[in-house]
Amino acid sequence: MPYEFYLPTKLLYGAGCLSALGGCALPGRKALLVTSAGQSAKRHGYLGRVEEQLTQAGVRAVLYDQITPNPTKAEVMAALCRKEGCDFVLGLGGGSSIDAAKAISVMARNPGDYWDYVSGGTGKGKAVPNAPLPVVAVTTTAGTGTEADPWTVTTNEETQEKIGFGYEKTFPVLSVVDPELMVSVPPRLTAYQGFDALFHSTEGYLNRTASPISDLMALEAIRLIGKSLPRAVRDGADLEARGDVALANTLSGMVETLSGCISEHSIAHAMSAYHPKLPHGAALIAISKAYYQKLIRLGACRERMAAMARALGKSDAERPEDFLTALDALQKECSVDGLALSSFGMSPEEFPALTRNARETMGGLFEVDPVAVSDGDVLEILSDAFC
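To start, this report covers the structure provided alongside it.

So, how was this worked out
- Residues numbered from 1 in each chain as written.
- Predicted model: local features only at pLDDT ≥ 70, side-chain atom pairs only at ≥ 80, totals over all residues.
- Heavy atoms only, no water.
- Helix = DSSP H or I, 4+ residues; strand = E, 2+ residues; numbered from the N terminus.
- Rg over C-alpha atoms; globule rule 2.2 N^0.38 Å.
- Buried < 20%, exposed > 50% of the residue type's maximum accessible area, 1.4 Å probe, protein only.
- Contact = heavy atoms within 4.5 Å.
- Areas by Shrake-Rupley, 256 points an atom, 1.4 Å probe, with all protein chains shown as cover.
- Lys, Arg positive; Asp, Glu negative; His and termini not counted.
- Charge placed at Lys NZ, Arg CZ, Asp CG, Glu CD.
- Axes fitted to C-alpha atoms, helices over the stretch in contact; angles between N-to-C directions.
- Parallel < 35°, antiparallel > 145°, perpendicular 65-115°, else oblique.
- Left-handed = near helix turned anticlockwise from the far one by under 90°.
- Nonpolar A, V, L, I, M, F, W, Y, C, P; charged D, E, K, R; others polar.
- Expected span 1.5 Å × (residues − 1).
- Bend = angle between axes of the 7 residues up to and from the residue.
- Phe/Tyr/Trp six-rings, centres within 6.5 Å; stacked < 30°, edge-to-face > 60°.
- Pairing = 2+ DSSP bridges.
- Right-handed = clockwise from strand over helix to strand, strands pointing away.

**What to know about the overall build of the chain**
Broken down by element type, the chain carries 15 helices and eight strands. Radius of gyration (C-alpha) of the chain: 20 Å, near the 21 Å computed for a compact globule of 387 residues. Referenced to the eigenvectors of the C-alpha coordinate spread, the extents of the chain come out at roughly 55 × 45 × 45 Å. Burial statistics for the chain: of 387 residues in total, 61% are counted as buried. Residue pairs at least 24 apart in sequence account for 80% of intrachain contacts in the chain once pairs closer than 6 positions are excluded. Accessible surface, the chain: about 14500 Å² in total, of which carbon and sulfur atoms supply 52%. Counting 35 positive and 45 negative side-chain charges, the chain places the averaged centre of each group 3 Å from the other.

**Considering the environment of Gly253**
Summarising the element assignment, Gly253 is placed in helix 8 (residues 239-258). On the accessibility criterion, Gly253 (0% relative accessible area) is buried. Distance from Gly253 to Gly145, taken between C-alpha atoms, is 3.8 Å for residues 108 residues apart in sequence. Those residues in contact with Gly253 that lie beyond four places of it in its chain are Gly145, Ala148 and Asp149.

**A few points about the packing of helix 6 (residues 187-206) against helix 11 (residues 302-311)**
Where helix 6 meets helix 11, the closest approach of the two axes is 10 Å, and the angle between their N-to-C directions is 150°. As judged from the angle between their axes, helix 6 and helix 11 are roughly antiparallel. The two elements helix 6 and helix 11 meet at a crossing, and its hand is right-handed. Each of Thr202, Tyr205 and Leu206 in helix 6 lies in contact with helix 11, whose residues at this interface are Arg304, Met305, Ala307 and Met308. In terms of residue class, the contact of helix 6 with helix 11 is made up of five nonpolar, one polar and one charged.

**Quick notes on helix 10 (residues 280-297)**
Here helix 10 contains 18 residues, and its C-alpha end-to-end distance of 25 Å stays within 8% of the 26 Å for a straight helix at 1.5 Å per residue. Maximal helix bending in helix 10 amounts to about 50°, located at Ser288. Of all 18 residues that make up helix 10, 15 are buried, and the element is covered over most of its length. At the exit of helix 10 stands Gly299, carrying a positive phi of roughly 85°.

**Things to note about the packing of aromatic side chains**
This model, assessed by the stated rule, comprises nine aromatic pairs. Consider the rings of Tyr292 and Phe323, whose centres lie 5.2 Å apart with planes at 70°: the pair is edge-to-face. Separated by 31 residues along the polypeptide, Tyr292 in helix 10 and Phe323 in helix 12 (residues 321-333) bring together distant segments of the chain. Judged by its relative accessible area of 0%, Phe323 is buried.

**Quick word on the pairing of strand 4 (residues 88-93)**
Within strand 4, six of the six residues are buried, leaving the element largely enclosed by the surrounding structure. Of the pairings in the sheet, the one linking strand 2 (residues 30-36) to strand 4 comprises four bridges and is parallel in character. Looking across to strand 4, one finds that Leu33 is bridged to Leu90. Bridge count for strand 4 against strand 5 (residues 135-139) is five bridges, and the pairing is parallel. Across the sheet, residue Val89 finds its bridge partner in strand 5, namely Val135. You can see the chain leave strand 4, run along helix 5 (residues 95-107) and come back into strand 5, and the turn it takes is right-handed.

**Observations concerning the packing of helix 10 against helix 12**
At their nearest, the axes of helix 10 and helix 12 sit 10 Å apart, and the two run at 170° to each other. Between helix 10 and helix 12, the angle falls in the class roughly antiparallel. Contacts between helix 10 and helix 12 involve Ile285, Ser288, Lys289, Tyr292, Gln293 and Ile296 on the former and, on the latter, Glu321, Phe323, Leu324, Leu327, Asp328 and Gln331. Grouping the constituent residues of the contact of helix 10 with helix 12 by class yields six nonpolar, three polar and three charged.

Bear in mind that shape data such as this cannot, by itself, settle questions of function.
Next up, the structure:
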């Protein structure tokens, strides 16, 4: 089957590599520095270190620290970047900050409403007339892979839609993946983020558009997470484990670039659209066993399921059900087993609306599922994951 490979991002990877940022050829002289509304980047000194590196490179920085865990349309529509005349955007933090930086870079150079350019749901799907500002990413978490893909996920708070957007010009031009910036992530969030990266890779491996190159990256990301995520959860200062999980996360972003997610992510995004405080990784974990059990019952990718189980560490895996066994074991090792939708304030009465939302906003992911997943299947997945 024909396939493409396009990954234009320059990547700096390894413990301490943030110190090389100031010596890089950056894409401008005035940056909008985008980070979260929380205090962790400031408290742990990451913001100060990035500002020092920018100063060393002769770059002025304008701080925009208003990004929430599920970035909203209002946040990325803020006019500060254009008002200050910034010529590139630097996202510092987890997926929310870097995703927001990409969306802001689009709106800094383009007219109208951000939802004019989003496809799916109430988005108008218009072509972006002007190239976005360049984006630099400095990631402090290992979950979304956004440093190595063009995607940005934004919530329209007015319509309860959480939709991904991106194209070849929203890739970061430069990404810094320094495991030293991840040691402060608490155990629970380390697990949530690690499973997000895992499912980016499992979904990409099962996706109908998977290629030999994305398969290599997906299986290696799955292997690294199975090997090292429990260690990173138990001891956040374990730099070797952090490095493995960080690399797995970046590889998972490449998988999203070369292949992509399937309907597991559509369902999880619908849940977050209705429950903005629900951590994305927690949503994925909560539905994961029910979701993959459903795919197995539908007859999907039996050998690929077994291959994923072997990559997770179950070396004798031969049956697709072995993946469920390996997944359950990993969740127990990371102390996130037993998550249920009932724990997050959901009720079964919401399930039809969530099912419709998943299909209407990110229905394209259902189209690349390895087997047809019906609305009835989604309702069963949600019901099985409820308690």
